[in-house]
Amino acid sequence: MTTTTDTGTGRPIELMITGMTCASCVARVERKLGKLPGVSATVNLATATAHVTREDPAVEVAELIAAVEAIGYGAEVSGIRVPEAEEAETVDAEQVHVAGLRHRLIVSALLGLPVVVMSMISALHFAGWEWAALALATPVVAWGAWPFHRAAAVNLRHGSATMDTLVSLGVLAAYLWSAGTLAVGGRHLYLEVAVVLTAFLLAGRFFEARAKRRAGDAIRALMDLGAKDVAVLRDGAEARIPVEELVVGDLFVVRPGEKIATDGEVVEGASAVDESLLTGESVPVEVEPGSPVTGATLNSHGRLVVRATRVGADTKLAQIAALVERAQIGKAEVQRLADRISAVFVPVVIALAVGTFGVWMLTGAAAATALTAAIAVVIIACPCALGLATPTALMVGTGRGAQLGLLIRGPEVLESTRRIDTVVLDKTGTVTEGKMRLVDLIPADGEDAAEVLRLAGGLEDASEHPIATAIADAARGQLSALPAVTAFANTQGRGVTGQVEGRTVRAGRVAWLEEHGLVLPEELGRARKEAEAEGRTVVFAAWDERVRGALVVADTVKPTSAEAVADLKRLGLTPVLLTGDNAAAARAVAAEVGIKRVIAEVHPEDKVAEVQRLQQAGQVVAMVGDGVNDAAALAQADLGLAMGTGTDAAIAASDLTLVRGDLRAAADAIRLARRTLRTIKANLFWAFAYNVAALPLAALGLLNPMIAGGAMAFSSVFVVSNSLRLRRFQTLNR
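Keep in mind it's a predicted model, so treat the numbers as computed, not measured. (Residues numbered from 1 in each chain as written. Predicted model: local features only at pLDDT ≥ 70, side-chain atom pairs only at ≥ 80, totals over all residues. Heavy atoms only, no water.)

With respect to the sheet that holds strand E11 (residues 292-293)
Let me state the cut-off plainly: Here a strand pair is declared whenever DSSP counts at least two bridges between the two strands. Strands are runs of DSSP state E lasting at least 2 residues, helices are runs of H or I lasting at least 4, and numbering of each runs from the N terminus.
Taking strand neighbours across the sheet as the criterion, the six strands line up as E6-E5-E7-E13-E8-E11 in an open arrangement whose pairing is antiparallel. Looking along the sheet, the strands with just one partner apiece sit at the ends: strand E6 (237-242) and E11. Looking at chain direction, strand E5 (residues 229-234) and E6 are connected through six bridges and run antiparallel. Residue pairing in the sheet places Arg234 in a bridge with Ala237 of E6.

So, in structure tokens, the structure goes:
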């Protein structure tokens, strides 16, 4: 991993923590770091990381590491971006760890099986079988269970107890009791408990490690999306360099089939870019000079020259990866409760085991019976599953979301998605395209529609107004070339005029044309009323002293918006359209997509007040928007969803980011967040119910220690496997 001496006071620091095995370890590390002045920490067992924030400038990174090491764990600073060689070393270390667990498991199983067979089948009790069983059990207890003993010893040295303490106590108690019994000539042994317990727990630890590795696959795959090198243009020649050496302003070449190295702007060439790996959107995006492109997307055809606009940690890919990693570090409120319980759980269990042994002895039971019950109590209570319940589900859920272009900011968001009942949709850029388009052309009686579009499009092509651009784009899409314009003049906000093929052509509002003595034909007047009743804008074209046609321009509804609104309704949400546009236009859009409630003519600064008004009425509000003027409302809402095609301000203020510009992703994101929360709660229920139900059985002597060990190991594997089911989550629209 990347290590450093300091990362700057006030910035969050990521520490890689080694040696943690359960929720008790998590609580100890958090508590120790929290004792430093101005320091708060959130520790994640599944990712083995600590997210640390410092308010006191006197606290240095070295002190944080020393604090963690003082309680028996290892720590080092990590970076989100990992150099390839060092990442390989990290992966190798994980593989070595898993391989080590596999070897211990296999050897322990092979040596332990004869011990179990001899112990359980009286017909195999040959002379001296007890000593043979002891000989086979010794390497299992000493070497196979060594990871548990070592961790328990470290914890003991620092005056604490964790899950490993319970496991080590259980295995050693069974083994030492048996060895002592043999030494005095007794025959009541518990060697099979020691070896089966070790094998079960090693199996649980092995499958857990493998499953946790799979849980982190999504974020690793995300980081692997980026290009490794790039052909940069310097002094007119191409030079192949590592992508890390790119700087803002560099021009680089992207050939067909290559990944775009970093975020930038096309300066030469045209192509279609496949963004599916990053956004989940399967349709390639056409690009040309001036088009923005995103790093890690794939150039399907055509040679592009791109100017780098963002590099390194500023790119969209790096920001997505950082957002996902931060989400995986956080904790839901239910997990914080589990951590608080686990912090006192282990000492209580040890006391309970001692008490169980004492009560059995006082009732006149045999020492072997008392020991059996005590060992079962120690083993069944191991709180492994508690520590894994939230982080594994978060890892898989947020990782799957990243693959689908749905970015969940953190676990607190999950709670919000469960409670919301109202979703406020910004109109422009969210429900609609956010770009004006020509939606209708009505020629005057006797006029040719194509000619009206040709001359009006040629005139408007000289203007930069969005309405003019919409008309010019429509004309360019139907004609091979637009006529040239001379003597162009623009009357701000009213109309434009110019010479086109020797004619004086005007295009603008009706009042402006009337000022020039032009009369609107009756049929165009009717068309104007109908269009404006739907909130659309009408531009009239005129030449040779006659109005020749009406061009209707509107911000068109996205093709998927109606389906998205239906999806949101199926989730039990009431959609509300919020816009600064006029009421007629808002109602027309709302009717088209199936929204009944409309709040129109709202100034940008008043959007927050509208969200607050809904909240004061008792509604739990989600807000979907994409613009700078939506940022404050997104922050005010109980759940903010930003369209990833929108502004950085909106994305920064949101709880969920939809990388695609498709509103259907909002319903998908809420579904994924709710399912992740359900998985977390199911995991925690299993972990708590398992301990609460099994502890009394163990104390009453109704639970064999071998069964207790198997059940405890299975609980951890169950929690991780249950979380992995989130990898199969699919969007509604695939």
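Focus: helix H5 (residues 146-157)
Operational definition: Helices are assigned an expected span. That span is 1.5 Å times one less than the residue count. Under the scheme applied here, a residue whose accessible area is under 20% of the maximum for its type counts as buried, over 50% as exposed, and between as partly exposed, the area being computed with a 1.4 Å probe on protein chains only.
With twelve residues, H5 should reach 16 Å at 1.5 Å per residue; the first-to-last C-alpha distance of 16 Å fits that figure. Looking only at H5, the buried set comprises Pro147, Phe148, His149, Ala151, Ala152, Val154 and Asn155. Two residues or fewer after H5 comes Gly159, characterised by a positive phi angle close to 70°.

Focus on the environment of Val431
For Val431, the location among the structural elements is in helix H15 (residues 427-431). Look at Val431 and you get buried, because its relative accessible area is 0%.

Description of the UniProt feature "transmembrane region" (unreviewed entry) in the protein chain
Filter applied, for reference: UniProt positions are given in the numbering used here, feature names are shortened, and annotations may be inferred rather than shown by experiment.
When the UniProt feature table is mapped to this numbering, "transmembrane region" (unreviewed entry) covers residues 105-125, 131-149, 161-177, 189-207, 341-362, 368-390, 682-700 and 706-724. Secondary structure content for residues 105-125 is 76% helix and 0% strand, and the end C-alpha separation is 26 Å. Across residues 682-700, the secondary structure splits into 95% helix and 0% strand, with the terminal C-alpha atoms separated by 28 Å.

Notes on a positive patch on the surface
Our working rule: Residues qualify for a patch when their relative accessible area is over 30% and they have no salt bridge, like charges being joined within 9 Å and the nonpolar side chains of Val, Leu, Ile, Met, Phe, Trp and Tyr within 5 Å. We get accessible surface area from the Shrake-Rupley algorithm with a probe of 1.4 Å; when it comes to residues, only the shown protein chains can shield them. Here, a salt bridge means any Lys or Arg side-chain nitrogen found within 4 Å of an Asp or Glu carboxyl oxygen. Under the convention used here, Asp and Glu are negative, Lys and Arg are positive, and both His and the chain ends fall outside the count. In this description, the location of a charge corresponds to atom NZ of lysine, CZ of arginine, CG of aspartate or CD of glutamate.
A cluster of basic side chains, namely Arg675, Arg678, Arg725 and Arg728, defines a positive patch on the protein surface. Judged by its relative accessible area of 52%, Arg678 falls in the exposed class.

Thoughts on helix H22 (residues 607-616)
Quick note on the threshold: Of all possible arcs, the one meant is that of the directions from the helix axis to the C-beta atoms.
What H22 keeps buried is the set Lys607, Val608, Glu610, Val611, Leu614 and Gln615. All buried residues of H22 lie within an arc of 165° about the axis, which places them on one face of the element. Once H22 ends, the next one or two residues include Gly618, with phi positive near 95°.

Concerning the sheet that holds strand E19 (residues 503-508)
The cut-off we apply is this: Each axis is a line fitted through C-alpha atoms, and for a helix only the stretch in contact is used; angles between axes span 0 to 180 degrees, taken between their N-to-C directions.
As summarised here, the arrangement of the six strands in space is E16-E21-E20-E19-E18-E17, forming an open sheet in which the pairing is antiparallel. Looking at which strands have only one partner, the edges of the open sheet turn out to be strand E16 (432-443) and strand E17 (485-491). Strand-to-strand twist in this sheet, taken as the mean axis angle between neighbours without regard to direction, amounts to 20°. When E19 meets strand E20 (residues 537-543), the two strands line up antiparallel, connected through four bridges. Residue pairing for E20: Gly508 is matched across the bridge by Phe540.

Side note on the pairing of strand E22 (residues 574-578)
By the criterion of burial, E22 is predominantly enclosed, with four of the five residues buried. Pairing between strand E15 (residues 422-426) and E22: five bridges, direction parallel. If you follow Val424 over to E22, its bridge partner there is Val576. In terms of strand pairing, E22 meets strand E23 (residues 597-599) through three bridges, oriented parallel.

Some points on the environment of Ala708
Formally: Only heavy atoms enter the contact rule, under which two residues are in contact if any of them lie within 4.5 Å.
The residue Ala708 is located in helix H26 (residues 705-724) in this model. Classification of Ala708 by relative accessible area gives buried; the value is 0%. C-alpha separation for the pair Ala708 and Val377, spaced 331 residues apart in sequence, amounts to 8.3 Å. In contact with Ala708, other than residues within four places in its own chain, are Ala376, Ile379, Ile380, Tyr690 and Leu703.

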